[in-house]
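# Observations on chain architecture
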Amino acid sequence: MKTSNDLRTKLWYKAGSCFIVVILCGSMLAACGQPKADAPTAPIVEEQAPPEEQAPEDPVPSGEPQANYTAPLTGLPMDHAPTARPLSVMINNAPAARPQSGLTQADIVYEVLAEGGITRLIGIFQSKGADEPIGPIRSIRPYLINLGESYGGVLVHAGGSNDAYAILQKQHKEDLDEISNAGAYFWRDKSRKAPHNLYSNADKLREGADKRGYKKEVNIPVYKFRAENDLPEGENASGVDITFLLKSYKVSYQYDEDSKLYQRSINGKPHVDLNNGQQLTAANVVILGADHQTLDDVGRLAVDVEKGGEAVLLQRGKIIKGRWVRAKGDVIRFVKDGQEVPLYPGTTYFNIVPNAPTFDSHLQIHP
């Protein structure tokens, strides 16, 4: 499994009355590329040494626990190795499905159009989530398979389009489908009407994956993350409104300086997690343009989530204009001038809008 954990090794040599400290730092940076952008390169880190005669200090202040691990998708500290296989859960985002449950536990959230102008959410659960309900869970499409699998995730859904089922069956995808192969690991909430009432949780889903003999260890992608005191460059932007297709369906992110997070709303109302009543937030908001094609009279879509294109990144009250790229076998990454732009530790939301009529026509930036 790829990892972004810093391996800090301190070797102390005593020579006379002096101590020389050599700190060796290394990191594995996931890279990506596209035809028009160079692959990200690792920064050069010079060796450093403290002044002579400086006595060694306790690396962990008394009473403050030290995190031994870092979550690969959020950059947040963990007290155990982040080896759990991701779950890629298709989550209903129709008005009758809101508020959803469990999204505050997701490491990554994708939002992309489905039929009828309503979007679908893909929650990628890797470092968080246990017995908290997740849902309502809905059907899958080919481009949702593509995005969910890019994280090495078990695909979690209830039904799918004919094209999606063809891919799942012919390519022997590792999925948990409430309809065909894993009904025992889902439940229906009687307080809601079908089809907006199907739920599960991370523990039950991993139990189902184990029962079906799915791989437990996969290559989990790793993002590049900023230090807290590393401020981003870019123009001031307090928030953004996103129109995916329908003008009556507007998603907004508003920056909160106290928490340093973006608060998510839909049509002017806070988008909350039913489990805890908390408004959904993101440390990073990526908006990217992709080619969309309508396939049939029902309105099913083909969405190109591979070739790259225009994108913007909002973080810490700034907006950075760049591009999204995706190398073969990798996840979507945001780059500027050919270099991957690091994220801040926390949840990241990827919002995929159509390129037509233009990418910018779907965005309204708040200064």
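Each value, and the rule that gives it
Residues numbered from 1 in each chain as written. Predicted model: local features only at pLDDT ≥ 70, side-chain atom pairs only at ≥ 80, totals over all residues. Heavy atoms only, no water. Helix = DSSP H or I, 4+ residues; strand = E, 2+ residues; numbered from the N terminus. Buried < 20%, exposed > 50% of the residue type's maximum accessible area, 1.4 Å probe, protein only. Contact = heavy atoms within 4.5 Å. Polar contact = N/O pair within 3.5 Å; in protein donor to acceptor, adjacent residues only side chain to side chain. Arc of directions from axis to C-beta. Core = buried A, V, L, I, M, F, W, Y, C linked by side-chain atoms within 4.5 Å.

Another point: the environment of E132. For E132, the position within the fold is in the loop between strand 7 (119–125) and helix 1 (142–149). For E132, a relative accessible area of 26% gives the class partly exposed. On a C-alpha basis, the gap between E132 and Y199 in space is 9.9 Å, while along the polypeptide they are 67 residues apart. Setting aside its immediate chain neighbours within four residues, E132 contacts Q105, S200, N201 and N275. A polar atom in the side chain of E132 sits 2.7 Å from the backbone nitrogen of A130.

Further remarks concern the environment of L147. The residue L147 is located in helix 1 in this model. Between the alpha carbons of L147 and E306 there is a distance of 9.3 Å; along the sequence they are 159 residues apart.

What sets the pattern is the α-helix's 3.6 residues per turn: residues three or four places apart point alike. Buried within helix 3 (residues 202–211) we find A202, L205, G208 and A209. Seen along its axis, helix 3 keeps its buried residues to an arc of 125 degrees; they face one direction. Of the surrounding secondary structure, the elements contacted by the buried residues of helix 3 are strand 5 (87–91), strand 8 (154–157) and strand 9 (175–177). At the N-terminal end of helix 3, a side-chain oxygen is found 3.1 Å from the backbone nitrogen of D203, two or three residues along, and the residue is N201.

Soluble globular proteins: nonpolar side chains tend toward being buried together. Of all hydrophobic cores here, the largest spans 81 residues; its most connected members are Y110 and I287. Excluding its chain neighbours within four sequence positions, the residues that come into contact with Y110 are R120, L121, I122, L147, Y151, Y223, I332, F350 and I352.

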